[in-house]
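Secondary and tertiary structure notes
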Amino acid sequence: MREEGKIDLGMPTLIELPEIEDCAALCAGLGLQFIELNMNMPQYQADSLDVGLLTELSEKYGIYYTIHLDENLNISDFNTRVADAYTNTVRETIYIARKLQIPVLNMHLSQGVYFTLPDRKVFLFEEYLDHYLDSMRFFRDKCERIAGSGNVKICVENSSGYTSFQRQALDLLLESPVFALTFDIGHNHCVDGADEPVILRHRDRLSHFHFHDATGKRDHLALGTGEIDLAKYLSLASCSLSRIVLETKTVSGLRQSVEWMKSHL
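Residues numbered from 1 in each chain as written. Predicted model: local features only at pLDDT ≥ 70, side-chain atom pairs only at ≥ 80, totals over all residues. Heavy atoms only, no water.

1. Re the environment of Ser 76
Quick reminder of the rule: Think of it this way: any DSSP run of H or I at least four residues long counts as a helix, any run of E at least two long counts as a strand, and we number them from the N terminus. We call a residue buried when its accessible area falls under 20% of the maximum for its residue type, exposed when it is over 50%, and partly exposed in between, using a 1.4 Å probe and counting protein chains only. Whether two residues are in contact is decided by their heavy atoms, any of which lying within 4.5 Å being enough.
Locating Ser 76 in the fold gives a position in the loop between β3 (64-68) and α3 (80-100). For Ser 76, a relative accessible area of 2% gives the class buried. Between the alpha carbons of Ser 76 and Ile 154 there is a distance of 17 Å; along the sequence they are 78 residues apart. In this structure, Ser 76 is in contact with Phe 125, His 131, Tyr 132, Ser 135 and Met 136, ignoring residues within four places of it in sequence.

2. Describing the nonpolar core
In a soluble, globular protein the nonpolar side chains are often hidden away together inside. The condition that has to hold: As used here, the term nonpolar core means buried Ala, Val, Leu, Ile, Met, Phe, Trp, Tyr and Cys residues forming a set that is joined through side-chain atoms within 4.5 Å.
With 81 residues, the main nonpolar core has Ile 35, Phe 179, Phe 211 and Ile 244 as its most contacted residues. Here the element with the most residues in this core is helix α5 (residues 129-147); it accounts for seven residues. Aside from chain neighbours lying at most four places away, what touches Ile 244 is Ile 7, Asp 8, Leu 9, Gly 10, Phe 34, Phe 209, Phe 211, Leu 234, Ala 237 and Met 261.

3. Concerning a nonpolar patch on the surface
Rule in force here: Like charges are joined within 9 Å and nonpolar side chains (Val, Leu, Ile, Met, Phe, Trp, Tyr) within 5 Å, but only among residues with over 30% relative accessible area and no salt bridge; these make up the patches. Each accessible area is a Shrake-Rupley estimate made with a 1.4 Å probe; only the visible protein chains count as cover when residues are assessed. Salt bridges, as used here, are contacts in which a Lys or Arg side-chain nitrogen is within 4 Å of a carboxyl oxygen on Asp or Glu.
A cluster of nonpolar side chains, Val 113, Phe 115 and Leu 117, forms an exposed patch at the surface whose accessible area comes to about 270 Å². Within the secondary structure, Phe 115 is located in strand β5 (residues 114-116).

4. Some points on the pairing of strand β2 (residues 34-38)
Short version of the rule: Pairing between two strands requires that DSSP report at least two bridges joining them. Place the viewer so that the strands point away; then a crossover is right-handed whenever the path from the first strand over the helix to the second strand goes clockwise.
Among the five residues of β2, five are classified as buried, and the element is accordingly described as predominantly covered. Going residue by residue along β2, you find Phe 34, Glu 36 and Asn 38 tucked away on one face and Ile 35 and Leu 37 tucked away on the opposite face as well. Relative to β2, strand β1 (residues 9-12) runs parallel, the two being bridged by three bridges. Within β2, the position partnered with Gly 10 by the bridge is Phe 34. Regarding topology, helix α1 (residues 20-29) serves as the crossover connection from β1 to the parallel β2, and that connection is right-handed. Pairing between β2 and β3: five bridges, direction parallel. Bridge pairing in β3 links Ile 35 to Tyr 65. Between β2 and its parallel partner β3, the chain crosses via helix α2 (residues 51-61), and the hand of that crossover is right-handed.

5. Side note on helix α10 (residues 251-264)
Along an α-helix, residues three or four positions apart point the same way, because every turn accommodates 3.6 residues. The following threshold applies: To estimate the expected span of a helix, subtract one from its residue number and multiply by 1.5 Å.
Between the first and last C-alpha of α10 there are 20 Å, a value that for 14 residues agrees with the 20 Å anticipated at 1.5 Å per step. Residues of α10 that are buried: Val 251, Gly 253, Leu 254, Ser 257, Val 258, Trp 260 and Met 261. Where α10 is buried, its residues touch β1, α1, β9 (206-211), α9 (230-240) and β12 (243-246).

6. Thoughts on the packing of α3 against α5
Condition: Lines are fitted to the C-alpha atoms to define the axes, a helix being fitted only along its stretch in contact, and any angle between axes, read from their N-to-C directions, falls within 0 to 180 degrees. Roughly parallel means an angle under 35 degrees; roughly antiparallel means over 145; roughly perpendicular covers 65 to 115; every other angle is labelled oblique. Less than a right angle of anticlockwise turn of the near helix away from the far helix marks a crossing as left-handed, whereas a clockwise turn marks it as right-handed. As a working rule, the residues Ala, Val, Leu, Ile, Met, Phe, Trp, Tyr, Cys and Pro are called nonpolar, Asp, Glu, Lys and Arg charged, and the rest polar, with Gly in that last group.
Two numbers describe how α3 lies on α5: the axes approach to 10 Å, and their chain directions differ by 25°. Looking at the two axes, α3 sits roughly parallel to α5. The interaxial crossing formed by α3 with α5 has right-handed handedness. Residues Thr 87, Asn 88, Val 90, Arg 91, Ile 94, Tyr 95 and Arg 98 of α3 touch α5, and the partners they reach there are Phe 139, Lys 142, Cys 143, Ile 146 and Ala 147. For the contact of α3 with α5, the residue count by class is seven nonpolar, two polar and three charged.

7. Structural notes on the pairing of strand β7 (residues 153-157)
Across the five residues of β7, four count as buried, placing the element largely inside the fold. Here strand β4 (residues 104-108) runs beside β7; their pairing, made up of five bridges, is parallel. Opposite His 108, over in β7, you have Glu 157 as the bridge partner. In the sheet, β7 pairs with strand β8 (residues 179-184) via four bridges, with the strands oriented parallel. Looking across to β8, one finds that Cys 155 is bridged to Ala 180.

8. Brief notes about the packing of aromatic side chains
Cut-off, in case you're wondering: Pairing of aromatic rings covers Phe, Tyr and Trp, the last counted by its six-membered ring, and requires centre-to-centre distances within 6.5 Å; plane angles under 30 degrees mean stacked, over 60 mean edge-to-face, and any other angle means tilted.
Using the criterion set out here, one finds 12 aromatic pairs in the structure. Relative to Phe 165, the ring of Tyr 132 has its centre 5.2 Å away and its plane inclined at 85°; by these criteria the two rings are edge-to-face. Residue Tyr 132 is found in helix α5, and its partner Phe 165 is found in helix α6 (residues 164-173); the two are separated by 33 residues along the sequence. Residue classification places Phe 165 among the buried residues on the basis of a relative accessible area of 0%.

9. Remarks on the sheet that holds β7
Strand pairing within a sheet occurs via backbone hydrogen bonds; the two strands may be parallel or antiparallel. The strand order around the closed barrel built from eight strands is β1-β2-β3-β4-β7-β8-β9-β12, with neighbouring strands paired in parallel fashion. Ignoring which end each strand starts from, the neighbouring axes of this sheet average 30° apart. The sheet contacts of α9 involve β8, β9 and β12, and relative to β9 the element is tilted by about 150°.

This is how it looks when you write it as structure tokens:
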């Protein structure tokens, strides 16, 4: 696991490498410390994860894991059966994280559905704000009870620009020590830096980073191939002792990003 005072670097699970052992071998070969298992993929669903195999590979390759929860996760869905299914998925994932000593679950905040009017978009979570915020409190408190005094953190990631209702939800979640922040610097760049003030207002809760370069609205580029001031964000990650996922989507992009990191750390 993590060495005191050291930034750990990780990789995402990749489409090119559907077998987890191939990811583990690449992770170790590149000198990285962890893999972020992506629950958008069928093989990394809560009911598909093989805890025994993951433990074996962790020991064999000297790595560990974090988990990226399903991006469709919507624990505030107005259909309570749908919301319960997502909440129960997080519950099951926390239990798995405890077995595997996984320190971070990464999640997005859903914007939900919006209605397009002649002059504006109306987000239903904004329109029914009390319901939305109540669902966030319920989710926060349930996760806190399940996680207990363990070491797992649920890190909320910025994605397409925080709405006003999402900022309120973030404030509620961060009232619990179980929740923290993921800073995705590529996503922030693609919304012209709009997420950054929100994240820096809670900089003491930064725990996880997704690092990829970007140009304009194109992100998930290899480090050093875009226009982001990467050194600035690397310094922020270092100050907060956050983990960093090199979140490019190809093996070649990952290799290039590792080389950039080696020359800048």
